[in-house]
Amino acid sequence: MSWVEKPIRTFHLMHMENSFKKGKVKPQQDAELLKTLHANTGWFTATGCAAGLGNKVMFDTSRFERMDGIGDADLLEQFVSEAHKREVKAIAYLNLHWYTDDFGAAHPDWEQKTSDGRAIGQVRPLYGKGTSFCVNSPWRDWSYDLIREVARYDIDGVFLDGPVVYPDCCFCTSCREKFRERFGGDIPETEDWDDPRWKQFVRFRQHSMEDYLRDARTALKSIKPDAVLYLNSGNWNSDWRVPRDIQRLVDYQDITGVEAFFSRPLERQKFLYYTSASAKYVESVGKPSTIFFTTWQSPYENFVNSPTEIKLTVAEVVANGSNPWVIILDETLKRFPHALGSIEEMYEFLERHEEFYTHTESKANVALWSSMQTKFFYCSRQEELYRDIGSGKEEDLQIDLGTGEAKIDWKAGKKLSEEQALQSFQGFFDVLTRTHIPFDIIVDRNITPSELSKYDVLVIPNVACMSEEQAEAIRTFVRNGGGLIADFETSLYDEEGAPRGEFLLEDLFRAAPPEGMFAMSNFDSMVVKEMHDVTAFSNQGEYLPRPSRTLKTRALEDACVPIKVMKPLDHVITSVKGESDYAGLIVSSCGKGKVVFSPAALGGHYFENRMIPIQKLIENSVRWLLGNRGLIEVDAPATVEVVLRTQEDKGRTLIHLINLTGEMQRPIERVIPLNEIRVKVKVASAKKVYALMEQEEIPFQSDEKGWTSFTLPKLGLYELVMIETS
């Protein structure tokens, strides 16, 4: 078994420029710190980082400029030797995205250029000061030489921090020549999503990253075949502006890693599960993975975050099948010497119980589609989307309903469409997590018959851009007994954003082509017309909130319509006008499978407004689609995340419980402990139930239907319950 297939606990003490200049970097101390923290993998800064010192190296070479202040010392060699003495893997960190303006000025043909011809460092200085180079420029060969130089050492791998294709880049001479050679024309300089050449440029930027990483891998493996290579890939919320799609880069990496830095606490408060989403996302591409996070609350890197938040991050990462990586600046560690206590505590636990994190697989039978092709190419053609309806905030005896004007700006509309697709994903993610339904993330390239056959339900959160091949795979999945729930503009556009005019999955949705969209509003309604399992939380004739984004769609004759859309109101606080002819929810069957389709943007509406009826509607729909194929029931607050994994070769089921029950804010400073959590899980022939964190064997009962039930006496911040079967 390769070391990357085992649990990886990584730590990076990032040394600042002053530390090198003053001779304060001691590789032996760094390696000893790794051992103290129970880390089994360490990074060492083989090139400079802050501020833009990617051209300065920490090792013995005549080909590159050495870091000021290190003299003749070969710090990389010292670190690798000391790490290996302690049985710690050594990774060389290479900064390939941040360089000083002076170094950029010395190589003007290397710099990324924006559409107006200026260098990226002049338009948007990196981190306030510095520039970046283009993957298609001569810098490419310089960087490969750097990788080969580092590969001369007995390193276990190389991490590439960059390169990055930045927004409005790159229009340098090298890119123009390469684009012309590939497509036979000039790069379009205006963002136009109706222009095929603009879409070629979007793809060209993706391909440029792929080409670079492929050749970087070749450079490393030509010298050190067993060394691993990975870079800072794009996360689930990435988009076309910075093209780092892990699906397109995974084949050229040995580990897939993404950043999940703690920043913008109000956003983290709204979407509790950012880190878990990141871990599920990287696991979706099938390679060993890692999540990069910091000890600080970005961008305040000179301080440390709440120890509770740091421990929660580690728990979310490992529970969802990935590996933790954490960084602290050396100067920050000096000011906060106890900052690493939470890391040491969690890493020690993971080291002691490493066998339970080795070769585990998700046991989830629900898949949530995260579509990068939609984030790249989706630009809704619904003109009504661009109407200003205000915030809906009511105070001082008035309501903010906006101007009511629809100002069509397709460039702004592109960003709005991306945000809506992202919010739909987050909304469905929230509901599934809060209702303790185990699920995986599935990505575009895995929408195939073989991958979908692993699941019982597929959740499609406004995946507007869909290919014919993906649609056929979904049809096969449903006909074979799979359940499907989708919303809003799903399948209305091809994989590169061209409008279809009708749903590609019309045969499954049983929905006629949309006749436009209802007027945007924050106060309109839908009505429950028929009682059904999906509407069991309500009563017939009961009103439900209508999402502001709702298509005018009629159901086909053979479909069940348990919810209809009410006619729009003229203003707030007025009598209803009766129901419209349009469906609010369509339920149907196809082959052995079942389908729920919402012409309204259910996921996005829930994420924005947190309305309980919408949460109940999504939850009931998924549970109806699952039928008797549910896997676990947990009687715990919605703030307890439940992840179900398995080690089939060892006869183990693993239940991870992460307690995000804090004090109504992020960062969470204190988790509120919970008691007497009842769990019922689909596991037959259980022999033993054991809580690893509490080190306690738990009494259990098994029934003739294959369920095992037990009560977890206490849940602090995190627990892993192991069930052994005969």
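Just so it is clear, the structure is predicted and the values come from calculations on it, not from any experiment.

*Asks:* How should I be thinking about the state of the cysteines in this particular structure?
*Replies:* When the sulfur atoms of two cysteines share a covalent bond, that bond is a disulfide. The full count for this structure, using the stated rule, is 0 disulfides. Free of any disulfide, Cys49 has its nearest cysteine sulfur in Cys169, 19 Å distant. Unpaired in this structure, Cys170 has its nearest cysteine sulfur neighbour in Cys172, at a distance of 3.5 Å. The buried category is assigned to Cys170, whose relative accessible area is 4%.

*Asks:* I tried to follow the side chain of Ser380 on my own but got confused; where do I start?
*Replies:* Here Ser380 is to be found in the loop between helix 15 (372–377) and strand 13 (394–395). A polar contact is formed between the side chain of Ser380 and the side chain of Glu489, at a distance of 2.7 Å.

*Asks:* I keep staring at the pattern of salt bridges and nothing clicks. Help me out?
*Replies:* Between side chains of opposite charge, pairing is possible as soon as their charged atoms come close. As enumerated under the stated definition, the model contains 53 salt bridges in all. Across the salt bridge formed by Asp254 and Arg217, the nearest N and O atoms sit 3.1 Å from each other. Placement of Asp254 in the loop between helix 9 (246–249) and strand 8 (256–259) and of Arg217 in helix 8 (residues 196–223) is noted, with a sequence separation of 37 residues between them. Looking at Asp254, the relative accessible area reads 16%, which means it is buried. Its relative accessible area of 21% is what places Arg217 among the partly exposed residues. In this structure, Asp524 and Arg546 form a salt bridge, with 3.7 Å as the shortest nitrogen-oxygen distance. Of this pair, Asp524 sits in the loop between helix 19 (506–509) and strand 18 (525–528) while Arg546 is found in the loop between strand 19 (543–545) and strand 20 (560–566), placing the two residues 22 residues apart along the sequence. Grouping residues by exposure puts Asp524 and Arg546 together as buried. A single salt-bridge network, built from bridges that share partners, covers Arg140, Lys178, Arg182, Asp211, Arg214 and Asp215.

*Asks:* What am I meant to see in the environment of Asn95 here?
*Replies:* Here Asn95 shows up in strand 5 (residues 89–95). Judged by its relative accessible area of 0%, Asn95 falls in the buried class. In this structure the C-alpha to C-alpha distance between Asn95 and Gly286, which are 191 residues apart in sequence, comes to 26 Å. The residues touching Asn95, leaving out its near neighbours within four places in the chain, are Thr47, Gly48, Cys49, Leu53, Gly54 and Asp161.

*Asks:* When you look at the pairing of strand 30 (residues 708–715) in this model, what are you seeing that I'm missing?
*Replies:* The two faces of a sheet get side chains in turn, since along a regular strand they alternate between them. With 7 bridges joining them, strand 26 (residues 674–681) and strand 30 adopt antiparallel strand pairing. Of the residues in strand 30, the one forming a bridge with Val681 is Thr708. Summarising the sheet, strand 29 (residues 700–702) and strand 30 pair through 3 bridges and their orientation is antiparallel. Its bridge partner being in strand 30, Phe700 is matched across the sheet by Phe710. Linking two consecutive strands that pair antiparallel, namely strand 29 and strand 30, is a turn of 5 residues; a positive phi of about 90° is found at Gly706 within it.

*Asks:* What exactly am I supposed to notice about the sheet that holds strand 7 (residues 228–233) here?
*Replies:* Within a sheet, each strand pairs with its neighbour through backbone hydrogen bonds, oriented either parallel or antiparallel. Overall, parallel pairing links the 8 strands, which are arranged 1-2-5-6-7-8-9-10 in a closed barrel. Neighbour-to-neighbour, the strand axes of the sheet open up by a mean angle of 25°, direction not taken into account. Of the strand pairs in this sheet, strand 5 and strand 6 (residues 157–161) are connected by 5 bridges, and their pairing is parallel. For Ala92, the partnering residue across the bridge sits in strand 6 and is Val158. The sheet contacts of helix 8 involve strand 6 and strand 7, and relative to strand 7 the element is tilted by about 155°.

Rules used in this analysis
- Residues numbered from 1 in each chain as written.
- Predicted model: local features only at pLDDT ≥ 70, side-chain atom pairs only at ≥ 80, totals over all residues.
- Heavy atoms only, no water.
- Disulfide = S-S within 2.5 Å.
- Buried < 20%, exposed > 50% of the residue type's maximum accessible area, 1.4 Å probe, protein only.
- Helix = DSSP H or I, 4+ residues; strand = E, 2+ residues; numbered from the N terminus.
- Polar contact = N/O pair within 3.5 Å; in protein donor to acceptor, adjacent residues only side chain to side chain.
- Salt bridge = Lys/Arg side-chain N within 4 Å of Asp/Glu carboxyl O.
- Contact = heavy atoms within 4.5 Å.
- Pairing = 2+ DSSP bridges.
- Axes fitted to C-alpha atoms, helices over the stretch in contact; angles between N-to-C directions.

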